[in-house]
Amino acid sequence: MIQFLLKGLRRDRSRSLFPLLVVAAGVFIVVFMQGWINGAENSILGTNATFFTGHVKVATQAYHKESAIMTNELALTELGHLLQQLESMPMIWTPRIRFGGLIDIADHAGETRSQTPFMCLAVSMAPTSREHQILNLQQSLVRGRLPEAPGEILISEIMANNLQVKPGEMATLIGTTMNGSMSMRNFHIVGAINLGIVALDRNMLIMEFRDAQEFLDMEDAAGEILGFSPDLIFHEEKARLIADQFNQGYDGADEFAPRMVTLPEQNDLETMIKMMGLFSSVAVGIFVFAMSIVLWNAGLIGSLRRYNEFGIRMALGESKGHIYATLLCESAFIGAVGTILGTLLGLSVCYYLQVKGIDISSMMRQSGVVMANVIRAKITPATFVIGFIPGLAATQLGAMFSGLGIFRRQTSELMKELEV
Amino acid sequence: MSKHWVLVLSLSLNSLAAEPTGQQILKAVDANITSDNKIIATKMIVRGRRSSRTIESLSYIAGTEKSYTEFASPPREAGTKMLKLGEQLWIYSPQTDRTLLISGHMLRQSVMGSDLSYEDMMEDPQLAPFYAADIVGEAIVADRSCWILALASKSQDVAYSSRKLWVDKERFIIMQEERFARSGVALKSLQVRQVQRQQGRWVATHLVFKDQLLAGEGTEFIITSLQLNAEIPDHIFTKSMLRK
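Quick look at the structure, then. (Residues numbered from 1 in each chain as written. Chains lettered and ligands numbered in written order. Predicted model: local features only at pLDDT ≥ 70, side-chain atom pairs only at ≥ 80, totals over all residues.)

A look at the overall build of chain B
- Looking only at helices and strands, chain B features three helices and 13 strands.
- Radius of gyration (C-alpha) of chain B: 18 Å, near the 18 Å computed for a compact globule of 244 residues.
- Across the 244 residues that make up chain B, the buried fraction comes to 34%.
- Within chain B, residue pairs in contact and separated by at least 24 positions form 44% of the contacts whose partners lie at least 6 positions apart. (Helix = DSSP H or I, 4+ residues; strand = E, 2+ residues; numbered from the N terminus. Rg over C-alpha atoms; globule rule 2.2 N^0.38 Å. Buried ≥ 20, exposed ≤ 12 C-beta atoms within 10 Å, placed from the backbone. Contact = placed C-beta atoms within 7 Å.)

Here it is as C-alpha cells:
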C-alpha cells in the first residue's frame with residue numbers, strides 16, 4: 001500500500017510537487033527565523049554578560065537599583081572578604097569598576113589639545129585573571145599592546161582617532177571618586193581596541209582594576225563582582241541556585257548589603273528573552289496556520305483532480321475512511337520530505353550566517369543599544385527539529401480539511417458521476 | 001562709611017516709613033554680600049549617603065571677578081588649587097601637574113564631592129542685575145523676621161531660572177534659599193545656621209547647602225576665619241600661582 005502511495009506521488013507530480021514546495025518554503029522560513037532569532041538573542045545576552053551583567057552579578061542593593069547612573073558611591077566595600085566568601089561557589093569571580101569621565105590630551109605646553117567624555121571598564125589584567133578571555137582583549141587590539149604595568153590604559157580606536165592620539169602618548173583622566181570628589185590622573189595609552197560593538201566603541205576605555213581603585217579612592221571596594229560559569233556558557237538554573245544561596249546570608253533591607261542577581265534579572269533581559277520566545281512561537285504558529293490554508297486549498301484542487309480516482313476506488317469497495325487515511329498518509333510523506341528539504345535549506349543558510357554573520361554596524365551608528373556589530377545565526381538542537389512542527393502539522397491539517405469531501409460522496413450516485 | 005552701609009541704612013530708615021520693594025531689598029542683599037577683597041578659611045563638611053568628609057580650604061577673593069582657592073585637607077585633595085578669573089575657572093591637580101580649564105558639562109560637576117557645583121562657584125554673587133524680585137510674604141526663620149522674595153531671571157544666561165529667598169529684615173542677609181530649574185523643579189537649597197558680625201558687617205558663617213537631586217544630608221560650610229578688605233597681591237590671581 002505504501003509503495004502504491006509513493007508511486008502515485010512520484011508519478012503524479014501535480015499531486016506532490018506544489019504541496020512539497022509550500023512545505024519546504026514554510027519550514028525553511030521557520031528554521032531560518034529560529035536560527036536567526038536564537039543568534040540575535042545569543043548576541044545580545046553574550047554582549048550584556050561580557051560587559052555588564054556576567055552570568056551573575058554581586059553589587060549593593062542600591063547599586064542594582066541605580067545601575068543606570070553607575071555611581072560608585074554605592075559600591076561594594078570589604079571586597080577582599082566578599083571575594084573570599086565567593087571562592088567556595090563554582091564560578092569565575094571577577095571584580096569590576098565602571099565609571100565615566102573626561103579624557104584630556106595635552107599639547108606641548110600642557111594645555112588641552114583635545115578632550116572627550118569616556119566610559120571606563122576597569123578589570124583585572126593579572127596573568128591569573130580570565131578577563132582577557134572573557135573580553136576577548138587580544139583579538140580586539142587594533143594597535144599597540146595590552147596594559148602590562150600600572151598606569152596603562154587601552155582606548156577605543158574611534159576615540160583614539162577623534163582625539164588624534166596614538167599608543168605611547170599620555171592622557172589625563174578626570175573622574176569622580178567614590179566620595180564624589182573630582183579626581184585627575186595621568187595614564188599612558190598603550191593600545192587601541194575595537195570591541196565590535198558600536199555603542200561601546202564610541203568612547204570605551206579599559207584600565208587595570210587596581211589603577212581604578214586608586215584613581216577613584218576605592219580601596220578594598222568595587223562597583224560590582226561578576227560571576228561567569230567556568231565554561232563561559234550561561235546555565236540559568238545553576239546561576240539561580242548560586243544567587244539564592246548567596247542572598248540568604250544578607251539582610252534584604254540594608255541598601256548597602258550585597259545582593260546577587262542572575263543575567264536575565266538585569267537590564268530587562270528577562271523581558272527580552274520572553275519577547276523573543278513569544279516571537280518565535282508566534283512565527284511558528286502563523287506559518288502553521290498560513291501553510292495549512294495553502295495546503296488545504298492545494299488539497300481541494302487535488303481532490304477535484306482526483307474526483308474520478310476516489311470514485312473508482314469507492315466503487316471497487318474501498319471504504320471512505322481508508323481513502324481518507326491514505327490521503328493523510330500521502331500528506332505525511334509530502335510533509336516529511338518537504339520538512340527535510342526545508343530544514344536542510346534553513347540549516348544551510350543558518351550555518352552560513354553563523355560563520356559569516358551580517359554586519360549591522362551601519363544601522364547602529366547612532367544607536368545606544370549594546371549589541372555586537374555582526375549578528376550571527378546560531379544553530380542549536382532545536383533548529384534541527386523546529387521545522388517538523390509546522391511541516392507535518394500544516395500538511396496534516398490541510399489534508400484533513402480538504403479530504404473531508406470524500407465523506408460527502410454518495411455510493412448510490414457513483415455510477416452516475418463516473419459516467420460523466 | 002562704606003557704600004553698602006549707606007544703602008542698608010537708608011533701606012532700614014525707609015522700612016520705618018514704607019515697605020521697600022523686592023528689588024531694593026535684593027540690592028541691599030547684594031551690597032551686604034560683596035566686599036572689595038577678602039581672605040576666607042573654610043571647612044566644608046560633605047555628608048554623603050555612606051560617610052562624611054571634611055575639606056579645608058583657603059580662598060582669596062577680589063570683588064566678584066577673581067578668586068583663588070587652595071585645598072589643604074584631606075590629604076587626597078591637598079594641593080588642589082582653583083582659579084577663577086571672570087567667567088573662566090581653572091583647576092590644578094598636583095597628581096597630574098596639569099591645569100585644566102573647567103568648561104561645558106564639567107561645570108555641573110560637584111566640587112570635591114560637595115553639593116556645590118563649579119557652576120555655583122562661578123556664579124556672580126550679585127543677584128539684582130540678573131533677577132527681578134517681588135515680595136511674596138513674610139516668615140520667621142531662626143528667630144529672625146524675614147521677607148520672602150520670589151526671584152525670576154531676567155535672562156536665560158543664569159544657572160537657575162527662579163529662586164526664593166528668605167531675607168532678614170534688619171540685617172539684609174539671606175537666611176534661607178531655594179533654587180529652581182525652568183521646569184519648576186527644586187535644584188538646590190541653602191539654610192543659614194549662624195550669622196556673625198565681622199568687621200562691621202553681617203556674615204553667614206555656618207550654612208548648609210543641599211543639592212535636592214542627590215541623596216544625603218547636604219554640605220555644611222563653616223567659615224573658620226574671615227578677613228574683609230584684605231590686602232591681596234595681584235600675582236595671586238595668575239595661572240602661574242596654580243603650579244607653585
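What about the interface of chain A and chain B?
- Taken together, the contact between chain A and chain B spans 19 residues of the former and 18 residues of the latter.
- Those elements giving two or more residues to the side of chain A that touches chain B turn out to be β2 (92-106), β6 (170-176) and β7 (182-193) of chain A.

Some points on the environment of V31 of chain A
- Tracing the backbone shows V31 of chain A in helix α2 (residues 13-53).
- Each residue touching V31 of chain A, except ones within four places of it in the same chain, is listed here: G342, T343, G346, L347, C350, T383, I386 and G387 of chain A.

Side note on the pairing of strand β7 (residues 131-141) of chain B
Residues and elements named next belong to chain B.
- In terms of strand pairing, β7 meets strand β8 (residues 144-153) through 10 bridges, oriented antiparallel. Paired with A132 across the strands is A152, a residue of β8.
- The turn linking β7 back onto β8 is made up of two residues, and A142 within it adopts a positive phi angle of 50°. (Pairing = 2+ DSSP bridges.)

Topic: the packing of helix α13 (residues 320-355) of chain A against helix α15 (residues 388-402) of chain A
Residue and element names in this part refer to chain A.
- With their axes 8 Å apart at the nearest point, α13 and α15 run at an angle of 155° to one another. Considering the angle they form, α13 stands roughly antiparallel to α15. Like other packed secondary-structure pairs, α13 and α15 cross with a definite hand, here right-handed. Seen from α13, the contacting residues are L327, L328, S331, A332, I334, G335, A336, G338, T339 and G342; seen from α15, they are F388, G391, L392, T395, Q396, G398, A399 and M400.
- Classifying every residue of the contact of α13 with α15 by side-chain character gives nine nonpolar, nine polar and no charged. (Axes fitted to C-alpha atoms, helices over the stretch in contact; angles between N-to-C directions. Parallel < 35°, antiparallel > 145°, perpendicular 65-115°, else oblique. Left-handed = near helix turned anticlockwise from the far one by under 90°. Nonpolar A, V, L, I, M, F, W, Y, C, P; charged D, E, K, R; others polar.)

What to know about the nonpolar core
- Counting residues in each nonpolar core, the largest one holds 114 residues, and the members touching the most others are I153, L205 and I206 of chain A together with I25 and V167 of chain B.
- With seven residues, β7 of chain A is the single largest residue contributor to this core.
- There are two domains that each give this core at least three residues, and those are domain 1 (2-47 + 271-419) and domain 2 (56-233) of chain A.
- Core analysis: the second largest hydrophobic core is formed by 25 residues, V27, V30, V31 and F32 of chain A among them. (Core = buried A, V, L, I, M, F, W, Y, C linked by C-beta atoms within 7 Å. Domains from an automatic or database assignment.)

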